[in-house]
Amino acid sequence: MGARPRRRRAPAAAAATTAAPGPLGALLAVALLAAAGAQQSATVANPVSGASPDLLPHFQLEPEDVYIVKNKAVSLACRATPATQIYFKCNGEWVHQGDHVMQHSTDRGTGLPVMEVRIEVTRQQVEKIFGLEEYWCQCVAWSSSGTTKSQKAFVRIAYLRKNFEQEPTAREVSIEQGIVLPCRPPEGIPPAEVEWLRNEELVDPALDANVYVTPEHSLVLRQARLADTANYTCVAKNIVARRRSASAAITVYVNGGWSTWTQWSGCSTSCGRGWQKRSRTCTNPTPLNGGAFCEGQNMQKTACTTLCPVDGAWSEWSKWSVCGAECTHWRSRECSEPAPRNGGQDCHGPELDTRNCTSELCSHAASGAEDVALYVGLVAVAVCLVLLLLVGVLLYCRKKGGLDADVADSSILTAGFQPVSIKPSKADNPGLLTIQPDLSTTTMTYQGSLCPRQDGPAKLQLPNGHLLSPLGAGRHTLHRSSPAAEGADFVARLSTQSYFRSLPRGTNNMAYGTFNFLGGRLMIPNTGISLLIPPDAIPRGKIYEVYLTLHKQEEVRLPLAGCQTLLSPIVSCGPPGVLLTRPAILAMGHCVEASAENWSIRLKKQSCEGTWEDVLQLGAEPCTDLYYCQLEAQACYIFTEQLGRFALVGESLSMAASKRLKLVLFAPAACPSLEYNIRVYCLSDTQDTLKEVIQLEKQLGGQLIGAPRVLHFKDSYHNLRLSIHDMPSSLWKSKLLASYQEIPFYHIWSGLQPFLHCTFTLERLSPSTCELACKIWVWQVEGDGQSFTVNFNIAKDTRFSDWLVPDSEVGAPALVGPSAFKIPFLIRQKIISSLDPPGTRGADWRMLAQKLNLDSHLSFFASKPSPTAMILNLWEARHFPNGNLSQLAAAVAEVGKQDSALFAVSEAEC
């Protein structure tokens, strides 16, 4: 137990004993105490006969548990009556008599003696037994009848540790969600009491029914409210100290909710197809304290159609009636061409017109016999004149028709070919045409037939039948004039016509040639734009000068309304008004991600008066057989029997509609100064636009510094943003003041501004710096985005120069005759004659369309005199010049397997 307190003389039971001197008194006191203890036990258990139990001491005040704070001693007190002696006993040992402070008094009510005793206990006394057992003290009171013990009073050292066992943590909760903030206070004696502060103000559960504190001291908010957003602190305190936890920030957020949709707006057009929209706002409720914004679209658009008012118009006047008895006759008309409808205006003016007859007609009821003879004579003369005219026309046509049997007169092929003879090259091969075109500027001699024109793997081989036998060694001469020699004259002729005043005066974006019934092809190099003129599209005996032009968008005004956007280049082919017996095919690129639910796509054609008209709506039943369009992923193929100016225009039906943008990065090839510009172009994803930018950058001395990327730009009304990042600040700095640049939505969506770009101006801190590394981000707000990692040497890096098409790779802009087609002419004719008639087991042109994945256009093919010719023409337009004839041959062979006699040829054909 360690060192005990100094032993004091034990208290005596009577005054005489207390006065006993020396060691003898001490021994007597111990004996008396032992006897008194035994006597008290006996007295309590078996009271002495005749003694009153009230004479035993009873405590009016007993010692209580106390805590020692820091180094302050504590006081223990007890009071008993009747008592002659009271002493404290601590941890089983008597406290020295001198450490007691005693006070005697008499109870006024009973007259019995009252005795009160106090002692002090220090921190050192308690610490001497700390860890072995708790420090306790007890009072023992004596009277003449016996002794009584008080309750034990424990003396403890009070403390409160600094660190909380668990502190509340910050949280973000949704409104009306429950919150539990845990708090485990520091260890302490006595145990700490806990209270909570909200923004340094006491939280009182009695005043707020939404708040309560658990027995484990956790603060509970039953339903979070906006007012509960605050800093919460857990406070622990006892008699020693007061501790505060770290504050926990509670944020009560509100997720946004959509309001109801507004009413649909009026149709954007007062006549025809337009669009209408409705909107909603994220205000039910408005997002607060970082709550999530509403998901979904805040605007919806839908197509609408407004019936156009049609004003009435008069029909032609009827013939005058017979002159009546009143010397008047009349004529009438009706308001029926067209009749007014949809609120249109009625016709203005009279419906009936009358006037006086001449006096002769009025005075004579009938003509005389001499008038009848005159009229008969005039009719006879007119009939004779008509007959003579018909005979002259027939003779002229017969003379002209002879040219098709043997084209020997060079006047038919002026400016296109030298005289061509269609004669058998061998006696056993009658009827085979041997024509080999020459695209050079000089006359060329060709020996052989058309069949072996294609060499190597590109030769068309049909295993199911011998379509074409080798021809004999005939020699024929064919000549075509040079485009360069005719260019100035051709453009000069076109510029004199009023319809062609907007055509470019140069030939950079133009191709032209002279064609006859053999057909041909015009191409504008590196643009994906071409015009295929099939064989027999031009009537025999006719020679057409045909041109193909790519227009700059700033030169041609194409009006767009509502959500319409330009999806393709504006292309002219002509001359307009020429007679074509079969459709030509105009091929050009587009930038639309086509889907029926998101787009309404129309083909527009400009009339001779300059107005743009819708001639075809893709996906809808065509209203005329003059136009048809095959829309593929990046190109469209337009069948047209009337040449003119065309453009593909789309109207978005939802905010999910998107266009493809081509993102291209250019920078100077040489940098003599400290400034360095990076130009980011945002172009429509068509070859012609990229070609124009490349030519422009060549003039500016620019070079490509990154592979082009494609970005899908949606009709969401959000702008396009561009920013530059991760540039080494020790070598470069950007002069851009804002964090990003922005291109407005409508500048991009209209498609009428072809070369939109942003420039990032950088400055190198040293002239010796040549390495540039950075990232460029391009993104649509709440939409698609692309990033470029730029890492190159500005002085010598040319790794992307292969993307720039050299000027030498332009190809021939015009191909005339059989050289314009991959399929040899006679093989083409044999396929057409074999597959046009309905075949057994479906082995005809329908099966060929299915093999070539063109079966969705069967109704259009069937509307033409030769469906097979339409299929082969479309194949030629899609696959020139790199088409694989072997695949076409395999498809034709598959059709031939269904009917073994399909491609059989006679001995005469061989």
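What counts, and where the lines are drawn
Residues numbered from 1 in each chain as written. Predicted model: local features only at pLDDT ≥ 70, side-chain atom pairs only at ≥ 80, totals over all residues. Heavy atoms only, no water. Helix = DSSP H or I, 4+ residues; strand = E, 2+ residues; numbered from the N terminus. Buried < 20%, exposed > 50% of the residue type's maximum accessible area, 1.4 Å probe, protein only. Contact = heavy atoms within 4.5 Å. Areas by Shrake-Rupley, 256 points an atom, 1.4 Å probe, with all protein chains shown as cover. Patch = residues over 30% accessible without salt bridge, like charges linked within 9 Å, V, L, I, M, F, W, Y side chains within 5 Å. Salt bridge = Lys/Arg side-chain N within 4 Å of Asp/Glu carboxyl O. Lys, Arg positive; Asp, Glu negative; His and termini not counted. Charge placed at Lys NZ, Arg CZ, Asp CG, Glu CD. Disulfide = S-S within 2.5 Å. Pairing = 2+ DSSP bridges. Axes fitted to C-alpha atoms, helices over the stretch in contact; angles between N-to-C directions. Expected span 1.5 Å × (residues − 1). Phe/Tyr/Trp six-rings, centres within 6.5 Å; stacked < 30°, edge-to-face > 60°. Lys NZ or Arg CZ within 6 Å of the ring centre and 35° of its normal. Polar contact = N/O pair within 3.5 Å; in protein donor to acceptor, adjacent residues only side chain to side chain. pLDDT = per-residue confidence, 0-100. Parallel < 35°, antiparallel > 145°, perpendicular 65-115°, else oblique. Left-handed = near helix turned anticlockwise from the far one by under 90°. Nonpolar A, V, L, I, M, F, W, Y, C, P; charged D, E, K, R; others polar.

Draft legend 1. Representation of the overall build of the protein chain. Per the secondary structure count, the protein chain includes 13 helices and 49 strands. Buried residues in the protein chain amount to 44% of all 910 residues. In the protein chain, the proportion of contacts linking residues at least 24 apart, taken out of those at least 6 apart, comes to 69%. In the form shown here, the protein chain has an accessible surface area of approximately 46900 Å², with 53% of it arising from carbon and sulfur atoms.

Draft legend 2. Local environment of a negative patch on the surface. There is a patch of like negative charges on the surface, built from Glu316, Glu334, Glu337 and Glu351. Tracing the sequence through the fold places Glu316 in the loop between β22 (299-306) and β23 (328-332).

Draft legend 3. Layout of the state of the cysteines. Using the criterion set out here, one finds seven disulfides in the structure. With its sulfur 2.0 Å from that of its partner, Cys267 forms a disulfide with Cys304. With the S-S dihedral at roughly 95 degrees, the linkage between Cys267 and Cys304 falls on the right-handed side. Note that Cys267 is positioned in the loop between β20 (248-253) and β21 (272-279) and Cys304 in strand β22, a separation of 37 residues in sequence.

Draft legend 4. Representation of the pattern of salt bridges. Evaluated as defined, the whole model comprises 29 salt bridges. The partner of Lys735 in a salt bridge is Glu763, and the shortest N-O contact between them spans 3.9 Å. Here Lys735 is found in the loop between β44 (732-734) and β45 (741-743), whereas its partner Glu763 is found in strand β46 (residues 757-764), with 28 residues between them in sequence. Judged by relative accessible area, Lys735 falls into the partly exposed class, the value being 38%. Salt bridges linked by common partners bring Arg198, Asp208, Arg225 and Asp228 together as one network.

Draft legend 5. How the structure looks around the sheet that holds strand β1 (residues 58-61). Across the sheet, which stays open at both edges, the four strands sit in the order β1-β3-β7-β6 with antiparallel pairing between neighbours. Here the strands that pair on one side only, and so sit at the sheet edges, are β1 and β6 (101-106). Ignoring strand direction, the axes of neighbouring strands in this sheet form an average angle of 25 degrees.

Draft legend 6. Spatial organisation of the pairing of strand β7 (residues 113-121). In the sheet, strand β3 (residues 74-81) pairs with β7 via seven bridges, with the strands oriented antiparallel. Counted as the bridge partner of Leu76 is Ile119 from β7. Here six bridges tie β6 to β7, and the two strands are oriented antiparallel to one another. Bridge pairing in β7 places Val101 opposite Arg118. If you look at the hairpin formed by β6 and β7, you'll find six residues sitting between the two strands, and Gly111 has a positive phi there, around 75 degrees.

Draft legend 7. View of helix α7 (residues 687-700). Its 14 residues place the ends of α7 20 Å apart at the C-alpha level, agreeing with the 20 Å of an ideal helix rising 1.5 Å per residue. Those residues of α7 that fall on the buried side of the exposure criterion are Asp688, Thr689, Lys691, Glu692, Val693, Ile694 and Glu697. On its buried side, α7 packs onto β28 (520-524), β29 (529-533), β30 (544-551), β39 (658-668), β40 (675-684) and β41 (702-704). Positive backbone phi, approximately 75 degrees, marks Gly701, located one or two places after α7.

Draft legend 8. Seen up close, the packing of aromatic side chains. On inspection of all chains with the given rule, the structure shows 18 aromatic pairs. With a centroid separation of 5.1 Å and 80 degrees between ring planes, the pair formed by Phe745 and Tyr746 is classed as edge-to-face. Given the relative accessible area of 53%, Tyr746 is considered exposed. One aromatic cluster is present, formed by Trp599, Phe713, Tyr717, Phe745, Tyr746 and Trp749 through successive ring pairs. Positioned above the aromatic ring of Trp258 is the side chain of Arg280, whose terminal nitrogen or guanidinium carbon lies 4.1 Å from the ring centre.

Draft legend 9. Spatial organisation of the pairing of strand β9 (residues 146-149). The sheet contact formed by strand β8 (residues 135-143) and β9 spans four bridges and is antiparallel. By the bridge assignment, Trp142 is partnered in β9 with Thr147. As consecutive antiparallel partners, β8 and β9 are separated by two residues.

Draft legend 10. Main features of the environment of Ile678. Structurally, the position occupied by Ile678 is in strand β40. Overall, Ile678 belongs to the buried group, its relative accessible area being 0%. C-alpha of Ile678 to C-alpha of Gly702: the two residues are 24 residues apart in sequence and 9.5 Å apart in space. When sequence neighbours within four positions are dropped, the list of residues in contact with Ile678 reads Phe666, Ile705, Cys758, Thr759, Phe760, Leu762, Leu772 and Ile776.

Draft legend 11. Quick peek at the sheet that holds strand β33 (residues 584-589). Overall, antiparallel pairing links the six strands, which are arranged β36-β37-β33-β29-β28-β49 in an open sheet. Two strands lie at the open edges of the sheet, namely β36 (627-631) and β49 (814-816), each paired on one side alone. Each strand axis lies, on average, 15 degrees off the axis of its neighbour in the sheet, ignoring direction. Bridging between β28 and β49 involves three bridges; their strand directions are antiparallel. Each bridged residue has a counterpart across the sheet, and for Arg521 the counterpart in β49 is Leu815. Helix α12 (residues 867-879) rests against β28, β29, β33, β36 and β37 (635-640) of the sheet, and its axis sits at about 140 degrees to β37.

Draft legend 12. Unusual backbone geometry, seen in detail. Residues Asn284 and Pro285 are joined by a peptide bond in cis, for which omega reads 0 degrees. Looking at the secondary structure, you find Pro285 in the loop between β21 and β22. Phi is positive for Asn91, which is not a glycine, with a value near 50 degrees. Turning to its location among the elements, Asn91 is positioned in the loop between β4 (85-90) and β5 (93-94).

Draft legend 13. Structural context of a nonpolar patch on the surface. Together, Val379, Val383, Val386, Leu387 and Leu390 line one region of the surface with nonpolar side chains, adding up to about 450 Å² of accessible area. For Val383, the position within the fold is in helix α5 (residues 369-405). Of the residues examined, Val383 reaches a relative accessible area of 44% and is grouped as partly exposed.

Draft legend 14. Representation of the environment of Met870 within the structure. Relative to the assigned elements, Met870 resides in helix α12. For Met870 and Phe860, which are ten residues apart along the polypeptide, the C-alpha to C-alpha distance reads 9.0 Å. Contacts of Met870, omitting those with residues within four sequence positions, involve Pro583, Phe639, Phe861 and Lys864.

Draft legend 15. Structural view of the side chain of Gln630. Along the chain, the position of Gln630 falls in strand β36. Here the side chain of Gln630 touches Glu632 through a polar contact of 3.2 Å, side chain to side chain. What Gln630 contacts, discounting residues up to four positions off in sequence, is Ala635, Cys636, Tyr637, Leu854, His857 and Leu874.

Draft legend 16. Local environment of helix α9 (residues 825-835). In terms of residue burial, α9 counts as a mostly covered element, since nine of its eleven residues are buried. Buried within α9 are the following residues: Phe825, Leu826, Ile827, Arg828, Lys830, Ile831, Ile832, Ser834 and Leu835.

Draft legend 17. Structural context of the confidence of the model for the protein chain. Looking at the protein chain as a whole, its pLDDT mean stands at 77, while 77% of the residues score no less than 70. Across residues 1-53, where pLDDT falls below 50, the model places 37 contacts with residues more than four positions away in sequence or in other chains. Between residues 904-910, whose pLDDT stays under 50, and residues either more than four places distant or in other chains, the model counts 14 contacts.

Draft legend 18. Spotlight on the packing of α9 against α12. Relative to each other, α9 and α12 sit at 140 degrees, their axes nearing to 8 Å. As the angle between them shows, α9 and α12 are arranged oblique. In this structure, the crossing between α9 and α12 has a hand that is right-handed. Across from Arg828, Ile831, Ile832 and Leu835 in α9, the residues of α12 making contact are Thr868, Ala869, Leu872 and Asn873. Grouping the constituent residues of the contact of α9 with α12 by class yields five nonpolar, two polar and one charged.

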